[in-house]
Amino acid sequence: MDKIKLIQELLTEIGENIDREGLKKTPERFLKAFKEVNQGYGLVSTKFYQSTFKAENKEMVIVKDIDFYSLCEHHLLPFFGKIHIAYLPDKKVLGLSKFARIAEVFYRRLQMQERLNKQICEDIFDNLKPLGVMVVIEARHMCMSMRGVNKVNSKTMTIASCGVFEKDEKLRKEFLSILK
Ligand code: ZN
């Protein structure tokens, strides 16, 4: 079926009149926006790992408050919030701006918050090869706020860890305490 027709059918389904002025270009615009927010499928993270520097010490590096917007794969409704990343360098450190670009590869797709955590964590662990990585995500899910249980103010927090962060309670606590 024609893509525009498909979206027009959706609009008709909810009781809209697809011929009215305001909706004339809506299917095209929706399609464009939908592709844009899901452009992570066409992105790869590897190029972002090219700008590394020699690690001067082995102190934890924290990148806090990366804004993200994603779509939940169950309802195709937005979930959004902050991504916080900590890692313990081994030989290399990565330019700080690159973490937001790496996160984008994964959040601009249909996602589950838990998987988003894991994918970012493993990607950094595999490519940068630090001693450990931990990723904390706090998000609001529109599928909870706009519909269903209507829990408008609830936030979901998820954690993923790789390497030393999996077992080192002191490191985990240090990172989590900085986020408070
Ligand atoms: Zn959902």
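Coordinates for the structure precede this section.
Our subject in this report is the structure included herewith.

Along its length, the protein carries six helices and seven strands. Taking all 180 residues of the protein together, the buried fraction comes to 38%. Nonlocal contacts in the protein, meaning residues at least 24 apart in sequence, comprise 68% of its contacts between residues at least 6 apart. Put simply, the protein has 31 plus and 24 minus side-chain charges, and the middle of one group is 2 Å from the middle of the other.

A word on the coordination of the zinc ion. Ligation of the zinc ion by protein atoms is provided by Cys 72 (SG), His 75 (ND1) and Cys 143 (SG), these donors lying 2.2 to 2.3 Å from the ion. Between consecutive donor residues of the zinc ion, the sequence gaps follow C-x2-H-x67-C. Note that Cys 72 is positioned in strand S2 (residues 61-72) and Cys 143 in helix H5 (residues 142-145), a separation of 71 residues in sequence. We classify Cys 72 as buried; its relative accessible area is 6%.

A few words on the packing of aromatic side chains. On inspection of all chains with the given rule, the structure shows five aromatic pairs. Judged by centre distance (5.9 Å) and plane angle (50°), the rings of Phe 68 and Tyr 107 are tilted. One end of the pair, Phe 68, is in strand S2; the other, Tyr 107, is in helix H3 (residues 98-107), with 39 residues separating them in the sequence. Judged by relative accessible area, Tyr 107 falls into the buried class, the value being 9%. Here the aromatic rings of Tyr 87 and Phe 99 are separated by 5.4 Å at their centres, their planes lie at 35°, and the arrangement is tilted. A residue pair is termed long-range when its members are at least 10 positions apart, and Tyr 87 in strand S3 (residues 78-88) and Phe 99 in helix H3 qualify at 12 residues. For the pair formed by Tyr 87 and Phe 99, the shared burial category is buried. Pairwise contacts between aromatic rings join Phe 68, Phe 79 and Tyr 107 into one cluster.

What follows concerns the environment of Leu 11. Of note, Leu 11 is situated in helix H1 (residues 3-13). Classification of Leu 11 by relative accessible area gives buried; the value is 16%. Through-space distance from the C-alpha of Leu 11 to that of Phe 80 is 25 Å; in sequence the pair is 69 residues apart. Here Leu 11 is in contact with Glu 16, Ile 18 and Thr 26, once residues within four sequence places are set aside.

Moving on to the packing of H3 against helix H4 (residues 113-128). The axes of two packed helices give the description: the angle between them and the distance between them. Contact pair H3 / H4: the axes reach a minimum separation of 9 Å and the direction vectors enclose 135°. Relative to H4, the element H3 lies oblique. Crossing hand, H3 versus H4: right-handed. Contacts between H3 and H4 involve Phe 99, Ile 102, Ala 103, Phe 106 and Tyr 107 from the first element and Leu 116, Gln 119, Ile 120, Asp 123 and Ile 124 from the second. Partitioned by chemical class, the residues of the contact of H3 with H4 number eight nonpolar, one polar and one charged.

With that settled, consider the pattern of salt bridges. With the rule as written, the count across this model stands at 10 salt bridges. Of the charged contacts, one joins Glu 122 and Lys 118 as a salt bridge, the two residues approaching to 3.0 Å between their closest N and O atoms. Here Glu 122 pairs with Lys 118, and both are found in helix H4, just four residues apart, close to one helical turn. Overall, the relative accessible area of 47% leaves Lys 118 in the partly exposed class. Between Lys 155 and Glu 138 there is a salt bridge, with the nearest N and O atoms lying 3.3 Å from each other. Of this pair, Lys 155 sits in the loop between H5 and strand S7 (156-163) while Glu 138 sits in strand S6 (residues 132-141), and the two are 17 residues apart along the sequence. Since its relative accessible area comes to 49%, Lys 155 is described here as partly exposed. Linked by salt bridges that have partners in common, Lys 58, Asp 90 and Lys 91 make up one network.

About the thresholds
- Residues numbered from 1 in each chain as written.
- Predicted model: local features only at pLDDT ≥ 70, side-chain atom pairs only at ≥ 80, totals over all residues.
- Heavy atoms only, no water.
- Helix = DSSP H or I, 4+ residues; strand = E, 2+ residues; numbered from the N terminus.
- Buried < 20%, exposed > 50% of the residue type's maximum accessible area, 1.4 Å probe, protein only.
- Contact = heavy atoms within 4.5 Å.
- Lys, Arg positive; Asp, Glu negative; His and termini not counted.
- Charge placed at Lys NZ, Arg CZ, Asp CG, Glu CD.
- Donors = N, O, S within 2.8 Å, 3.2 Å for Na, K, Ca; no water.
- Phe/Tyr/Trp six-rings, centres within 6.5 Å; stacked < 30°, edge-to-face > 60°.
- Axes fitted to C-alpha atoms, helices over the stretch in contact; angles between N-to-C directions.
- Parallel < 35°, antiparallel > 145°, perpendicular 65-115°, else oblique.
- Left-handed = near helix turned anticlockwise from the far one by under 90°.
- Nonpolar A, V, L, I, M, F, W, Y, C, P; charged D, E, K, R; others polar.
- Salt bridge = Lys/Arg side-chain N within 4 Å of Asp/Glu carboxyl O.

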